[in-house]
Amino acid sequence: MGDPTRGKPGKSASSLVTIYVVVAVHNRWPFTEQFLASLDTQRLPLKTNLRVVVVDDGSTDGTNRRLRERTDTSVLHGDGTLWWSGSIDLALSAIRGELNSGDFVYLGNNDTVLDSGHLAALIRASHESQCDLVGSMSYEIWPTGERYPVTGAFRVNEQELEVVNVRPEEIDQFPIDALAGRGLLLSARAARAIRFQPKVMPQHFADLAATSRLIRTGYRACVSLDATSTQLERAGSSVEFKPRLSQFLNPKSQLYIPALVSFWAAASSRKAPLLWRMPIRAVRQVTQGSYRVR
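Along each chain, residues carry numbers from 1 onward, in the same order as the chain's sequence is written. Local features in this predicted model are restricted to residues of pLDDT 70 or higher, and side-chain atom pairs are both shown and tallied only at a pLDDT of 80 or more, whereas totals for entire chains, interfaces and linings draw on every residue. In computing side-chain values, all of the structure's heavy atoms are included and hydrogens and water are not.

1. Comments concerning the nonpolar core
Working step 1: The term nonpolar core refers to a set of buried residues drawn from Ala, Val, Leu, Ile, Met, Phe, Trp, Tyr and Cys, joined through side-chain atoms within 4.5 Å. Under the scheme applied here, a residue whose accessible area is under 20% of the maximum for its type counts as buried, over 50% as exposed, and between as partly exposed, the area being computed with a 1.4 Å probe on protein chains only. Val105, Leu186, Phe196 and Phe263 are the most contacted members of the largest nonpolar core, which totals 49 residues.
Working step 2: Numbering of helices and strands runs from the N terminus; a helix is a DSSP stretch of H or I covering at least four residues, while a strand is a stretch of E covering at least two. For this core, the element with the highest residue contribution is helix H6 (residues 206-216), accounting for six residues.
Working step 3: In this description, contact between two residues means that some pair of their heavy atoms is separated by no more than 4.5 Å. When residues no more than four places from it in sequence are discounted, the contact partners of Leu186 are Asp103, Phe104, Val105, Leu107, Asp132, Leu133, Ala191 and Ile194.
Working step 4: With 25 residues, the next largest nonpolar core counts Trp29, Leu36, Leu122 and Ile123 among its residues.

This is the structure in structure tokens:
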């Protein structure tokens, strides 16, 4: 297992801030290479140190060999069963003991290319708005070639059992109930407190569940519209698809039953109605012929 603090210079909390960049990968080295290259272009504030921690969850395309060539990148390994949630959990477990009060943890996706001011904008928003969780804004590349702006903020509607993305023009109009794990900055305090549930939420809903728990317990969340990036692929949970029964037991699916039940059980103030509302919503979605989580 790699050491996230390998080559780390001595520091004090008052003189140097460290941003731990955590990204989970499984194959798709060209995407990972572009993401890492965009980290190299970041215009960071003075006295800010960048540490990159990649969790390679069983890649078979040479990703591990390529990562070993980067002396500034620490690598943790999985066997292909960690998925996103388990990978992030593994990295945070390795990092938490090294965090000082002024440090940050940044969760990124390897199919994202960060603009050069991305991390600096997130740090600025955290300080100016006193936020423990700061989401960003990405531009999805649609099949038409259009760049579509998407924020990392979401509203959770427990009455309709819907998770709705907050559009850029709405960002100051609605409270933020949850934040996506793609392009998310966590203060040291939030990074120590956040917890994932890899067994029941290996992939989808894991980020929303973890951030919504923090927000409900008093951690302040905001979004920096200046922290921009290009999303090379649309988020899987934002794409409509035709449901199949096999997807309800597939950990990679947006319809994975343990994740859906666990998320709504935690997010709902009234537990009993879930017993009949969730099946009704599932039937409605299936009969409509398409499904989209967010």
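2. Quick word on the packing of aromatic side chains
Working step 1: Whether two aromatic rings pair depends on their centres lying within 6.5 Å, for rings of Phe, Tyr and Trp, where Trp uses its six-membered ring; planes under 30 degrees apart make the pair stacked, over 60 edge-to-face, and the rest tilted. Applying the stated criterion to the full structure yields four aromatic pairs.
Working step 2: Aromatic pair Trp84 and Phe196: ring centres 5.5 Å apart, planes at 85 degrees, arrangement edge-to-face. Taken together, the positions of Trp84 in helix H3 (residues 83-95) and Phe196 in the loop between helix H5 (188-193) and H6 put the pair 112 residues apart, joining distant regions of the chain.
Working step 3: On the basis of relative accessible area, Trp84 is assigned to the buried category, the value being 13%.
Working step 4: Look at Phe196 and you get buried, because its relative accessible area is 8%.
Working step 5: Considering the side-chain rings of Phe263 and Trp264, the 4.9 Å spacing of their centres and the 85 degrees angle between planes classify their relative orientation as edge-to-face. Comparing Phe263 with Trp264, the two get one shared label, buried.
Working step 6: Members of the aromatic cluster, connected to one another through ring pairs, are Phe205, Phe263 and Trp264.
Working step 7: Put simply, a charge is over a ring when the Lys NZ or the Arg CZ is close to the ring centre, within 6 Å, and near the line of the ring normal, within 35 degrees. Residue placement shows Arg155 over the ring face of Phe174; its charged tip is 4.1 Å from the ring centre.

3. Quick look at the confidence of the model for the chain
Working step 1: What pLDDT reports is the predictor's confidence in each residue, on a scale of 0 through 100. Averaged over every residue, the pLDDT of the chain is 86; the share at 70 or more is 81%.
Working step 2: Scored below 50 in pLDDT, residues 5-13 makes 21 contacts in the model with residues more than four places away or belonging to other chains.

4. Describing the pattern of salt bridges
Working step 1: The salt bridge definition used is simple: a Lys or Arg side-chain nitrogen within 4 Å of an Asp or Glu carboxyl oxygen. Throughout the structure, instances matching the rule amount to eight salt bridges.
Working step 2: Between Asp111 and Arg28 there is a salt bridge, with its nearest N and O atoms 4.0 Å apart. Taken as a pair, Asp111 in the loop between strand E4 (104-109) and strand E5 (112-114) and Arg28 in the loop between strand E1 (17-25) and helix H1 (29-40) lie far apart in primary sequence, 83 residues in all.
Working step 3: Overall, the relative accessible area of 4% leaves Asp111 in the buried class.
Working step 4: A salt bridge links Arg182 to Asp111; the shortest N-O distance between them is 2.7 Å. Of the two residues, Arg182 is situated in the loop between strand E10 (178-179) and strand E11 (184-187) and Asp111 in the loop between E4 and E5; the sequence distance between them amounts to 71 residues.

5. Thoughts on the packing of H6 against helix H7 (residues 257-267)
The description of two packed helices rests on the angle between their axes and on the distance between the axes.
Working step 1: Axis lines are fitted to C-alpha atoms, over the contacting stretch for helices. Their N-to-C directions set the angle, which ranges from 0 to 180 degrees. Put simply, H6 and H7 touch, their axes get as near as 10 Å, and they point 10 degrees apart. One finds that H6 runs roughly parallel with respect to H7. Two secondary-structure elements touch here, H6 through Leu208, Ala209, Ser212 and Arg216 and H7 through Phe263, Ala266 and Ala267. Orientation categories follow fixed angle ranges, with anything under 35 degrees roughly parallel, anything over 145 roughly antiparallel, 65 to 115 roughly perpendicular, and all other angles oblique.

6. Brief notes about the sheet that holds strand E8 (residues 153-157)
Working step 1: Strand pairing is assigned whenever DSSP identifies at least 2 bridges connecting the two strands. One open sheet accounts for three strands, arranged E9-E8-E10; its pairing is antiparallel. Whereas interior strands pair on both sides, the edge strands pair on one side only; in this sheet they are strand E9 (162-165) and E10.
Working step 2: Where E8 lies against E9, four bridges are found, and the strand directions are antiparallel. Bridge assignment links Phe154 to a residue of E9, and that residue is Asn165.
Working step 3: The sheet contacts of H7 involve E8 and E9, and relative to E8 the element is tilted by about 80 degrees.

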